[in-house]
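Examination of the molecular architecture
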Amino acid sequence: MPIVQLAAIAACALLAALAVFQAALIAGAPLGRFAWGGQHDVLPAKLRIGSATSIIIYVLIAYVALAKAGLVPPLVSEGFTDVTSWVLTGYFALGIVLNGISRSKPERLVMTPVVLILTALYLVLSLH
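Residues numbered from 1 in each chain as written. Predicted model: local features only at pLDDT ≥ 70, side-chain atom pairs only at ≥ 80, totals over all residues. Heavy atoms only, no water.

So, on to the packing of aromatic side chains. All told, the structure shown has 2 aromatic pairs when counted by the stated rule. Geometrically, the ring pair formed by phenylalanine 92 and tyrosine 122 is tilted, given 5.2 Å between the ring centres and 50 degrees between the ring planes. Linking phenylalanine 92 in helix H3 (residues 78-100) with tyrosine 122 in helix H4 (residues 105-127), this pair joins segments that are 30 residues apart in sequence. On the basis of relative accessibility, which here comes to 5%, the residue phenylalanine 92 falls in the buried class. Looking at tyrosine 122, the relative accessible area reads 0%, which means it is buried. Grouped by ring-pair contacts, the aromatic residues Tyr91, Phe92 and Tyr122 constitute a single cluster. (Phe/Tyr/Trp six-rings, centres within 6.5 Å; stacked < 30°, edge-to-face > 60°. Helix = DSSP H or I, 4+ residues; strand = E, 2+ residues; numbered from the N terminus. Buried < 20%, exposed > 50% of the residue type's maximum accessible area, 1.4 Å probe, protein only.)

Given below as structure tokens:
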């Protein structure tokens, strides 16, 4: 299997794990210290809405990875997928910084490596 397809599948697996995590937050799991700045163990309603929105965004981000790897057709065009892939690479790179400076130590220790891996995976995809 080509490296770009492996990168896409790995990115989708990681995004799926994040979606499960966000669903747990929505359901009231006391894991808020790992997300949204870590200021709440159980998320308030507004942040639960943010978690629900995140799940939808993860699906779209995963689709970009699959389209970039040629595993699904692009939603708009290959050019749009190419640009979106680079934008997502930059977004995840910014996430390294933002998670790295979080006031929440658990968020820093868990989410910083997660976005570092996503950055690397989307860089592989973008360079393809």
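Having put the structure on the table, let's press on.
This part covers the nonpolar core. Within the largest apolar cluster, 28 residues are counted, with the highest numbers of intra-cluster contacts made by Leu15, Leu18, Leu118, Tyr122 and Leu125. Among the elements of the structure, helix H1 (3-26), helix H2 (45-68), H3 and H4 are those that each provide at least two residues to this core. Broken down by element, this core gets its largest block of residues, 11 residues, from H1. Discounting residues that sit within four places of it in the chain, leucine 18 has contacts with Tyr58, Met111, Val114 and Leu118. (Core = buried A, V, L, I, M, F, W, Y, C linked by side-chain atoms within 4.5 Å. Contact = heavy atoms within 4.5 Å.)

Here we take up H1. Helix length check: H1, at 24 residues, gives a terminal C-alpha distance of 34 Å against a target of 34 Å (1.5 Å per residue), a fit within 8%. A positive phi of about 100 degrees marks glycine 28, the residue just after H1. (Expected span 1.5 Å × (residues − 1).)

This part is about H4. Its 23 residues place the ends of H4 33 Å apart at the C-alpha level, agreeing with the 33 Å of an ideal helix rising 1.5 Å per residue. Maximal helix bending in H4 amounts to about 30 degrees, located at methionine 111; proline proline 113 follows within four positions. Looking at H4, one finds that the buried residues are Glu107, Met111, Thr112, Val114, Val115, Leu118, Thr119, Leu121, Tyr122, Leu125 and Ser126. Close packing links the buried residues of H4 with H1, H2 and H3. (Bend = angle between axes of the 7 residues up to and from the residue.)

Evaluation of the coordinates by the stated rule reveals 2 salt bridges. When the shortest N-O distance is used, the salt bridge between arginine 33 and aspartate 41 registers 4.0 Å. Residue class for arginine 33 comes out partly exposed when judged on its relative accessible area of 31%. (Salt bridge = Lys/Arg side-chain N within 4 Å of Asp/Glu carboxyl O.)

Relative to the elements of secondary structure, leucine 125 occurs in helix H4. Exposure remark for leucine 125: the relative accessible area of 0% places this residue in the buried category. Counting along the chain gives 84 residues from leucine 125 to aspartate 41, while the straight-line C-alpha distance between them is 35 Å. The contact partners of leucine 125, leaving out residues within four places of it in the chain, are Val4, Ala7, Ala8, Ala65, Lys68, Ala69 and Ser85.

The phi torsion at tryptophan 36 lies on the positive side, around 55 degrees, for a residue other than glycine. For tryptophan 36, the position within the fold is in the loop between H1 and H2.

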